[in-house]
Amino acid sequence: MSSHDLPGKKSGLADPPSLLNNPSRRSVLGAIAGVGSAVAASALLSVSPLSLRTAAAAAMPGTSKGGYKLDLGGYRGPELATEPVTLRFMRQDYPPELNDLINSVYAKFTAAYPNITIKEERVPYGDLPKKVQVYVASGSAPDIMMGRNDFTLAYHAGKIALPLQDYFTPEYVADIFDNAREAASVDNNLYCVPWETNTVFMYFNRDLFEKAGVATPPEVSDLTKGWSFDEYLDALRRVKSGLATKGVTDVWALAASPYGNGGPGSNYTQMESIWVRAQGDPAAPKGSPGYLTLMGISDDGRKTTGAIDTPEAIQGMKNYQALFKEGLTPTGAVAHQFEAGVAATVFGGINEANLFSLPGGAPAFKWGATPAPRGKLVFNANTSDSPMVWAKAPHPAEAAALLAYMCNDANRIDFHRVWGSMPARKSLTDQIPKYKTDQPYQLAAAVGANSYSAPRTVGYFDYFNVMNPTVKDIALGADPAQRLKAAATRIDALLRKYT
Amino acid sequence: MAAFTAPGGTYHHAKHPLFGWFMVVPAIVGLSLFQFLPLGTAIVDSFGAFDPFDQSPTGWGGWSNYAAILDDPIFTSAVINTVAYIVLTLILTIPLALALAVLLDRRLPGTTFARCAIIGALAASEAVTASIWNQMYEPSTGLFNALLNALGFANQPFITGDNQALISIVVMSVWKDVGLPMLIFLAGLQAIPGELRDAAALDGAGGWRTFTRIILPQLRPSLVVAVFMVTINATRIFTPIIIMTQGGPDWATANLTYYAYAQSFEFTSPGTASAAVVCLLALLVIVTAVQIRLLRPAKGG
């Protein structure tokens, strides 16, 4: 519509001076009539042939599983609305090829449901938890937000996430690996959908080990057959000194952490807790220091004193600190050191192996994979990026359907093919033969199957935000015993607000 | 309202009784929305109780938020750090800005380049500047330690050591922000009548004596403005802290601004965050009052 045929023009709206300067009854009534006719006309115009076609297409029955127009995966909610719906989705930014893939998934969804518009917001990965929190506080959160199953108890207690049990089939939920499902559930109700499986193990640069004259670590998938922390630290020291004797002084024994926003203390859940919680003992009696070191918090989720400041935890952090004190790893965030061949080892997930196997992705050195160092156990957190539907989403069924569509078998296989991470569902992993045949993938599967939950507390956000700077301080030289005790005191104080 | 005079003549728009209000309403609305409303909200919230999950208000908390922060040793440390930021920034910025202004006022060779460089740093994004300095300070691979190593000195924990991190942030901040007080001083210097300097020279006053007895007293108004602006900037310094140290190590670089941010965004506690903001405001009022008293011209002088 061009400006000259605006409906209100003839009724005085286009003559504001007369209305403002001399507001006669006639001009006021004319203005009201103008506004009324403008609203009516715009309402009529909104029912365009296009929108009629859209509504008709949306209302057509589907032929996919469940009678929907697409394979909505595990979705079992009502048929989707036919009126225009806008869904907002907030997630982390991925590399361009993965962003393109996700955009193509949106395109297929909106082609089948043309009345649904998807608006996406991408944020830096490390900022996701804060963004979720700020959005929830604002009262206008995206319909779907990339959460994490570490925070499931908070999503439940704070009524932040929609319980998804009514929207997903029991078969779909049962297919999620047990420990990921448990981490994402409260009282057997799923609050977020595990997106992938966290599998942290260690890669090593075979060439650098050989050059240093140090035996490479065991390339096994049996977690009990890897190096202990003592063996690991000793090997790193020998790699450093061995390389130095060959005149190589610009190579690190361990690459800077690639997790979170990088460097020490960037992601306690996935990375640094390995050093602490691996010192715990799964066989120790409940309430004992060994048990609490593994759990990271008391059973009621309220007290960390006696859990993160135990002698075992302090020893774990002393081992961690040695990496930095002895110059085995950088004290700051430095990206891609392992891939660049300037670090002999790195902690990473299976997507690293996948990246190396892609055309053009192979590094310029020979590499291998070995379990993360072993304390009383090899620790891996079952944390996972896990999208959730906001509890107050105006269109919960449509949001759940979009999420389910993104998580259907085909879309997830495509995602894991490009991104390389391990699926969170058994049936998907079964479709990828490498998990049965290739050692790094078998190792990833073993790590995934032997994972432990993030400390179970409604206040894990506070916990996480205290522990990250704490381990960074320890990395930079703070006394582990003093800092862990101070952190425990602080977390306990912060958790009191949830009582 | 009386008529006002412009270069081209006298205007009489002001005869309408609402004209004055029409002129000030935008400023009143802007100040109310962006200054007084947030301030009022912070004061009210500092006495409120909030849901820790969605941060919605749940009732009246009385003085509990103030009691909580006063009981928190990190708050005490943040107050001390805030004062340290103010004092160190003033000590470094004001003399440096004055020296730069005097040098630039002499129009020596390279003055234009120096002026552009200083104003360029001032115009640069604070976040970008902090990121660049963060890389230069980086303990293992940063430029500064590489230079120290090349000169035979040991690595320094610029932003990772308890005793160096705060001063390292101040140095970065001074480098970036010295341009504004320098411009203020430069404007002040250029407003001093040349006759005063000529008269001092005729009386046989040397350069230092002229500067301390003639120039500096004439710069008092500029000095007052510069000190207030630097104080306010130093009090609310935030971006370099969050980018370079996140308040660490062990809260050694956290000031009240960062403390309030952490309370709100890291520990989901809007009540204590608001209480910290009110304390910050109170501190700023006290510091400014002290400065007004100290910078007040002596009686009869």
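Quick caveat: nothing in here was measured; it's all calculated off a predicted structure.

**Thoughts on the overall build of chain B**
Secondary structure assignment for chain B yields 14 helices and four strands. The principal-axis extent of the C-alpha atoms belonging to chain B is close to 75 × 70 × 35 Å. Within the span of chain B, comprising 301 residues, buried residues form 34% of the whole. A separation threshold of at least 6 residues defines the contact pool for chain B, and within that pool the share at least 24 residues apart is 66%.

**Concerning the interface of chain B and chain A**
How big an interface is tends to be reported as the loss of accessible area on association of its parts. On the side of chain A, 23 residues touch chain B, which itself brings 20 residues to the contact. A per-class count over the side of chain B that touches chain A returns seven nonpolar, nine polar and four charged.

**Topic: helix α7 (residues 165-177) of chain B**
Residue and element names in this part refer to chain B. The end-to-end C-alpha distance of α7, which contains 13 residues, comes to 18 Å, matching closely the 18 Å that a straight helix rising 1.5 Å per residue would cover. Summarising burial for α7: 10 of the 13 residues are buried, a large majority. Listed in full, the buried residues belonging to α7 are Ala 165, Leu 166, Ser 168, Ile 169, Val 170, Met 172, Ser 173, Val 174, Lys 176 and Asp 177. Lining the buried residues of α7 we find α3 (73-105), α4 (111-123), α5 (126-137), α8 (179-191), α11 (220-235) and α12 (239-245).

**Points about the sheet that holds strand β8 (residues 343-348) of chain A**
Residues and elements named next belong to chain A. Reading across the sheet, the four strands line up as β7-β8-β6-β9 and stay open at both edges, with mixed pairing between neighbours. Every interior strand has two partners, whereas the edge strands, β7 (252-254) and β9 (367-370), have only one. Sheet twist, expressed as the average angle between the axes of neighbouring strands with direction ignored, equals 25°. Here four bridges tie strand β6 (residues 201-205) to β9, and the two strands are oriented antiparallel to one another. Note on β9: the bridge partner recorded for Asn 205 is Trp 367.

**Remarks on the domain arrangement of chain A**
All names here are of chain A. Domain annotation for chain A reports domain 1 (65-192 + 385-423) and domain 2 (201-382 + 456-498). On a C-alpha basis, the centres of domain 1 and domain 2 stand 30 Å from each other. Residue-level contacts link 15 residues of domain 1 with 15 residues of domain 2. For the side of domain 1 that touches domain 2, the class distribution of residues is nine nonpolar, five polar and one charged.

Rules behind the numbers
- Residues numbered from 1 in each chain as written.
- Chains lettered and ligands numbered in written order.
- Predicted model: local features only at pLDDT ≥ 70, side-chain atom pairs only at ≥ 80, totals over all residues.
- Helix = DSSP H or I, 4+ residues; strand = E, 2+ residues; numbered from the N terminus.
- Buried ≥ 20, exposed ≤ 12 C-beta atoms within 10 Å, placed from the backbone.
- Contact = placed C-beta atoms within 7 Å.
- Nonpolar A, V, L, I, M, F, W, Y, C, P; charged D, E, K, R; others polar.
- Expected span 1.5 Å × (residues − 1).
- Pairing = 2+ DSSP bridges.
- Axes fitted to C-alpha atoms, helices over the stretch in contact; angles between N-to-C directions.
- Domains from an automatic or database assignment.

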